[in-house]
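# Geometric and topological summary
So you can see what is in the structure, the chains are spelled out below.
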Amino acid sequence: MSERIFIGVAWPYANGSLHLGHIAGCCLPADIFARYHRLKGNQVLMVSGSDQHGTPITLRAEQEGVTPAEVVDRYHLQFLDCWEKLGISFDLFTTTSTPNHARVSQDIFLTLLEKGYIYKNSVPQQFCPNCQRYLPDRYVEGTCPLCGSPGARGDQCDSCGKPLNSTELGNPRCRICDTTPLIRESEHFFLRLSAFQEPLRKWIEAQQHWRPNVLNFSLRYLDEGLRDRAITRDINWGVPVPVEGYEDKRLYVWFEAVIGYLSASIEWASGDEARWRPFWSGDARVYNFIGKDNIPFHTLIWPAMLMGYGGLNLPYDVPANEFLNIQGRQLSTSRNWAVWLPDYLETYDPDPLRYYLSANMPESGDTDFSWQQFYSRNNDELVATYGNLVHRVLTFVHRHYSGEVPQPGTIDAEGQALLDKAAATLDTVDWALAECHFREGLRAAMALAQEGNRYLESRAPWKSVATDREGTGTTLYMAMSVISCLKTILYPYLPFSSTRLHQYLGLEGSVEAPWEWQRPAPGRGLPAPSALFTKLDAKGIEAEVSRLGASP
RNA sequence: GGCAGCGUAGCUCAGAGGCAGAGCAGGGGCUUCAUAAGCCCUGUGUCGUGGGUUCGAAUCCCUCCGCUGCCA
């Protein structure tokens, strides 16, 4: 039976390029999951978009002397290009700047306000008398009250790394004009998270299928007690607050960005409720793929908003990944200790990256990306085990069977054992992908490729072809069948190479065929194969490593 | 400072009371269809430290060390 699967992917900030952390953290697992469910014949809606609001954007724009819109447009286009090249198959990748998103966000805001889940309160804020505006924390600089360092920002001190409150800074200055700001009371709206403490606990405790890290992390927040949080800001870039007298304020980015999952669904459906609502109600399952830094927003705040709003499904699962380190060190965009996706895609194919990050995905703990590992996994696993299996079989068929799928004869015990193994692997990977165990699924698939090589070694068709053409044809047909199975189970991980393989095997229809084991048609003529993957010259490693941390 | 997580083979990572695992690298052999690819064999690891619970601990509890994150 066809199911409805909604896949929401964390929204990247449109203030810089994408890096491998974004990919390993949420985009790649979401895409694997989406492709898997499409093969299973389920209805999938996968959305995300550029997060175009928030002070990181406005600060970047002011540093560059351009408008925030110019910054976000530039990166949004770059994101779209990256999805295309890496094969991240969004049904819609929109932005938070659309009128639709503003309308949906304001609707949720007003509904929660009406129901009493949002209320007004007054808070002290830095105000710059010269700029005539309230200053977000990041716009204030001063002396760190903890370590005495002079260059601390209002939200955090880079010197000692401690998070701060801008009103605590000594000798505060406006980062725009250097004037000393005043402290003024400013009225803001607050989300009454405290009202959802018990409903959330009850709901989360029932989510025993969640990953332990997500479950424990969320429960710990609840143990500390949820506090109401301000959801508006004194800023002029963002979604307007739909209340009179609040023209100079905007919805705070964390309140509004999570609404993007819903607004993007509505945009995808061109507003047709009959199309989008089935993904948000009834048996439909909502999955949110995010990084661990985003857990509380997706397991507490957004669910609380949904509970308050009513009528929409809460997340079914939030498979948050941990972090990807780079060459043993924590990824840092400001120090340029990152592998940028546009750079990667300029030099390499998408599938090797998808392979490496899937094999080493930070599913249960932080993992490390190293160029040495990337090269060796490409050369020693992808090329040597899988690519070579495909290549040796297809070139053999071309050379000795004039490029036609050989006719299989009687299947002996060894051949049957291989077929059984392939059938079992299809089921194992099926289960692993359904449960979001991406590493395990890939491992099982690669084990089947190894089994295929083992089978060939044992049958030695290169010997038997001279004396037993029929038996050798059966051997090759068995091998091609296994390769066809690999084509399907690896499609979610390696869509580009599976698409080529689908053609090389002379299979009917699209590569997005059902999740089943397609057998090649005996007698069918095959196109000339070429290698699925390219071996990388280890000389490239050093060059890549030396780029890390260099000034951009 | 408070809280949490992590620390397992040379490397990257699994395992979560019952004989320490996988892939890769390294060593030895076989093979030659294939991108010098493949296959077989090959691990004496104080499971970070010290203690405790248990018939039995990598696994549960406590101490300490190291790293990471969150919070103040």
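Residues numbered from 1 in each chain as written. Chains lettered and ligands numbered in written order. Predicted model: local features only at pLDDT ≥ 70, side-chain atom pairs only at ≥ 80, totals over all residues. Heavy atoms only, no water.

## A short note on helix 3 (residues 68-86)
- Across its 19 residues, helix 3 extends 27 Å between first and last C-alpha, which sits within 8% of the 27 Å expected from 1.5 Å per residue.
- Residues of helix 3 that are buried: Pro 68, Val 71, Val 72, Tyr 75, His 76, Phe 79, Cys 82, Trp 83 and Leu 86. Angular distribution of buried residues about the axis of helix 3 spans 125°; they occupy a single face of the element. The exposed set on the far side of helix 3, more than 90 degrees from its buried face, consists of Leu 77 and Glu 84.
- At the exit of helix 3 stands Gly 87, carrying a positive phi of roughly 75°. (Helix = DSSP H or I, 4+ residues; strand = E, 2+ residues; numbered from the N terminus. Expected span 1.5 Å × (residues − 1). Buried < 20%, exposed > 50% of the residue type's maximum accessible area, 1.4 Å probe, protein only. Arc of directions from axis to C-beta.)

## As for the protein's contact with RNA strand B
- Among the 31 residues in the neighbourhood of RNA strand B, the closest are listed as Gln 330, Asp 368, Arg 392, Arg 454 and Lys 535.
- When atoms of RNA strand B within 4 Å of the protein are split into backbone and base, the sugar-phosphate part holds 75%.
- Measuring from a base nitrogen of RNA strand B, one finds a side-chain N or O atom of Arg 392 at 2.4 Å.
- Contact between RNA strand B and Arg 439: a phosphate oxygen at 3.1 Å from a side-chain N or O atom of the residue.
- For the surface near RNA strand B, the element with the most residues is helix 13 (residues 371-400), which contributes 11 residues.
- Among the residues forming the surface near RNA strand B, the class breakdown is eight nonpolar, 10 polar and 13 charged. (Near = heavy atom within 4 Å. Polar contact = N/O pair within 3.5 Å; in protein donor to acceptor, adjacent residues only side chain to side chain. Nonpolar A, V, L, I, M, F, W, Y, C, P; charged D, E, K, R; others polar.)

## Concerning the pairing of strand 6 (residues 140-143)
- As paired elements, strand 6 and strand 8 (residues 170-174) share three bridges and run antiparallel to each other. By the bridge assignment for strand 8, Val 140 is matched with Cys 174.
- Bridging between strand 6 and strand 7 (residues 152-153) involves two bridges; their strand directions are antiparallel. From the neighbouring strand, Glu 141 faces strand 7, where its bridge partner is Arg 153. (Pairing = 2+ DSSP bridges.)

## Description of the pattern of salt bridges
- Evaluated as defined, the whole model comprises 25 salt bridges.
- Here Arg 454 and Glu 451 are joined by a salt bridge, their closest N and O atoms 2.8 Å apart. Taken as a pair, Arg 454 and Glu 451 lie in helix 15 (residues 438-459) at a separation of three residues, close to a single helical turn.
- According to the relative accessible area criterion, Arg 454 is partly exposed, its value standing at 44%.
- Residue class for Glu 451 comes out partly exposed when judged on its relative accessible area of 23%.
- Close ionic contact of Arg 547 with Glu 544 constitutes a salt bridge, the shortest N to O distance being 3.5 Å. Taken together, the residues span about one helical turn, with Arg 547 and Glu 544 both in helix 19 (residues 539-547) at a distance of three residues.
- For Arg 547, a relative accessible area of 40% puts it in the partly exposed group. (Salt bridge = Lys/Arg side-chain N within 4 Å of Asp/Glu carboxyl O.)

## Considering the sheet that holds strand 10 (residues 229-230)
- Reading across the sheet, the four strands line up as 5-4-9-10 and stay open at both edges, with antiparallel pairing between neighbours. Every other strand in the sheet has two partners, leaving strand 5 (133-134) and strand 10 as the edge strands with one partner each.
- Of the pairings in the sheet, the one linking strand 4 (residues 118-128) to strand 9 (residues 182-191) comprises 10 bridges and is antiparallel in character. By the bridge assignment, Gln 126 is partnered in strand 9 with Ile 183.

## Some remarks on the sheet that holds strand 3 (residues 92-95)
- The strand order 3-2-1-13 describes an open sheet built from four strands, whose pairing is parallel. Each edge of the open sheet is held by one strand with a lone partner, namely strand 3 and strand 13 (285-289). Adjacent strand axes in the sheet meet at a mean angle of 20°, parallel and antiparallel pairs treated alike.
- Examined bridge by bridge, strand 1 (residues 4-9) and strand 2 (residues 43-50) share five bridges and lie parallel to one another. From the neighbouring strand, Gly 8 faces strand 2, where its bridge partner is Val 47.
- Its contacts with the sheet put helix 3 on strand 2 and strand 3, and the angle it makes with strand 3 is roughly 170°. (Axes fitted to C-alpha atoms, helices over the stretch in contact; angles between N-to-C directions. Contact = heavy atoms within 4.5 Å.)

## Observations regarding the packing of helix 14 (residues 413-434) against helix 15
- Relative to each other, helix 14 and helix 15 sit at 170°, their axes nearing to 8 Å. Here helix 14 lies roughly antiparallel to helix 15, going by the angle between them. Contacts between helix 14 and helix 15 pair Glu 414, Gly 415, Leu 418, Lys 421, Ala 422, Thr 425, Thr 428, Val 429, Trp 431, Ala 432 and Leu 433 from the former with Phe 438, Glu 440, Gly 441, Ala 444, Ala 445, Leu 448, Glu 451, Gly 452, Tyr 455, Ser 458 and Arg 459 from the latter.
- Residues belonging to the contact of helix 14 with helix 15 are distributed by class as follows: 11 nonpolar, six polar and five charged. (Parallel < 35°, antiparallel > 145°, perpendicular 65-115°, else oblique.)

## Section: the environment of Cys 26
- Residue placement: Cys 26 occurs in helix 1 (residues 20-39).
- Given the relative accessible area of 7%, Cys 26 is considered buried.
- Each C-alpha atom, one on Cys 26 and one on Ala 320, is 7.4 Å from the other, the two residues being 294 residues apart in sequence.
- The residues touching Cys 26, leaving out its near neighbours within four places in the chain, are Val 9, Ala 10, Phe 289 and Ile 290.

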